[in-house]
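# Secondary and tertiary structure notes
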Amino acid sequence: MTDTTAGQSPAPVQASAQAADPARERLRRWRLVLGGDQADGTGCTLSGRDAAMDGALAALYGKGDKAQTGRDRSAGLGASAPSVARWLGDIRDYFPSSVVQVMQRDAIDRLGLASLLLEPEMLQAVEPDVHLVGTLLSLHKAMPETTRETARAVVRKVVEELEKRLATRTRATLTGALDRSARVQRPRHHDIDWNRTIAANLKHYLPEYRTIVPERLIGYGRAAQSVKKEVVLCIDQSGSMAASVVYASVFGAVLASMRSISTRLVVFDTAVVDLTDQLDDPVDVLFGTQLGGGTDINRALAYCQERITRPAETVVVLISDLYEGGIRDEMLKRVAAMKASGVQFVALLALSDEGAPAYDREHAAALAALGAPAFACTPDLFPEVMAAALEKRPLPVPDPA
């Protein structure tokens, strides 16, 4: 929390004093971090905006401290919607958006505030982000009718921001991959890949004419004419995969918008639900999921396997932490069978920015032995992973942390 508090601008008089006294500024930062217990040792007294910031931090992070007195930090959110709404407004004033999102997540986890998100007033006060969407999706079956439209608006805002960030690069990367995988040897003039054609015909250079006479033309296929590849996104919707479900739904909608890719989106726990017909709106996809419950990867892969009609042109992406509740050996046999038939199989332990996830290492090793390495993938890397799968080249597996 040190950088968080240090990055804020207190009252102008305080700011000028702190700039003139670096030692006092360090004490101020430590005071905000330590929370004012008698043992903090700073001897620094806060006032004005700094005191208000400290109060917002104390309301959340003071809970669980030992006996406190006087100005000691203590929890103060209580369980009422008005006090929480005021606190949400305060932290948006004092801290940047990225920090607000972390504090909101901590408030939900530490103080059990998830139930308050069922109230429209609360939803209007929060800072929308991927983690909040995951929480709303886990609660949406219990939402009263008056809250559902507000919740959809919050989810839609996050989805639209993600699409702006990810869609253009994803389409550009995958269109290039599809074109490269569809090169033809007798292309029309406007379909010629000149760089590869020149490289392939350098031996036919005529010095007297200072030109190359190509004997072989290399060109791109016409990607827009027909479906070239089929992509199946098979997504584990257990509670730990919430952020991955959000990102995968957005990517599914982007892939579905590309005419040369046929996209199927399947979510599963112990049951399997095909949400392909809702891919034109990722918000509908998200509200069609049911976060939580068990996991049966084998059943989900069986469903996907039955619907593969062109194995050599199909990419199956399993997004799961691999904690299998179904039949492990059958799951691995299905993966082996799909790969043997020509399917490109990609196993992602997570599709999020959250870092290394918890996962079943034994199952990950078993998949790697089948030639399907399992790894966590950030949303920014996902287009490159898909491009490699479409072109049937080695996947850009990130180095383990």
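Up top is the structure.
Residues numbered from 1 in each chain as written. Predicted model: local features only at pLDDT ≥ 70, side-chain atom pairs only at ≥ 80, totals over all residues. Heavy atoms only, no water.

## A few points about the sheet that holds strand 5 (residues 272–274)
Strands pair in a sheet through their backbones, by hydrogen bonds, and they do so in one of two ways: parallel or antiparallel. Which entries qualify depends on this criterion: We treat two strands as partners when DSSP finds at least two bridges between them. Here a strand is any run of E in DSSP of at least two residues, a helix any run of H or I of at least four, and the numbering for each starts at the N terminus. The axes are straight lines fitted to the C-alpha atoms, using for helices just the contacting stretch, and the angles between their N-to-C directions are given from 0 to 180°.
Overall, mixed pairing links the six strands, which are arranged 5-4-3-6-7-8 in an open sheet. The outermost strands of the open sheet, each flanked by one partner alone, are strand 5 and strand 8 (374–377). Between one strand axis and the next, the sheet turns through 25° on average, direction left out of account. Of the pairings in the sheet, the one linking strand 3 (residues 229–236) to strand 6 (residues 314–319) comprises six bridges and is parallel in character.

## With respect to the pattern of salt bridges
Counted only if it meets this: Salt-bridge detection follows one rule: a side-chain nitrogen of Lys or Arg within 4 Å of a carboxyl oxygen of Asp or Glu. Whether a residue is buried, partly exposed or exposed follows from its accessible area with a 1.4 Å probe, protein chains only, as a fraction of its type maximum: under 20%, in between, or over 50%, in that order.
Per the counting criterion, the structure on display carries 18 salt bridges. Arg148 is paired through a salt bridge with Glu145; the nearest N and O atoms lie 3.5 Å apart. With Arg148 and Glu145 both in helix 9 (residues 145–180) and three residues apart, this pair spans about one turn of that helix. Judged by its relative accessible area of 60%, Glu145 falls in the exposed class.

## Some words on the environment of Ile212
Filter applied, for reference: A contact between two residues is defined here by any heavy atoms of the two lying within 4.5 Å.
Mapped onto the elements, Ile212 comes out in strand 2 (residues 211–212). A relative accessible area of 24% places Ile212 in the partly exposed class. For the pair formed by Ile212 and Leu202, sequence separation is ten residues and the distance between their alpha carbons is 6.8 Å. Among all residues touching Ile212, those that are not within four sequence positions of it are Ile198, Asn201, Leu202, His204 and Tyr205.

## Some words on the side chain of Asn201
Relative to the elements of secondary structure, Asn201 occurs in the loop between helix 10 (194–200) and strand 1 (205–206). The class of Asn201 is buried, set by a relative accessible area of 1%.

## Considering unusual backbone geometry
Positioned with a positive phi, Arg210 is a non-glycine residue whose angle comes to about 50°. Tracing the backbone through its elements, the reader meets Arg210 in the loop between strand 1 and strand 2. Judged by its relative accessible area of 71%, Arg210 is exposed. In this structure, Leu322 is a non-glycine residue whose phi angle is positive, near 70°. Within the secondary structure, Leu322 is located in the loop between strand 6 and helix 14 (328–340). Residue Leu322 is classed as buried on the basis of its relative accessible area, which comes to 1%.

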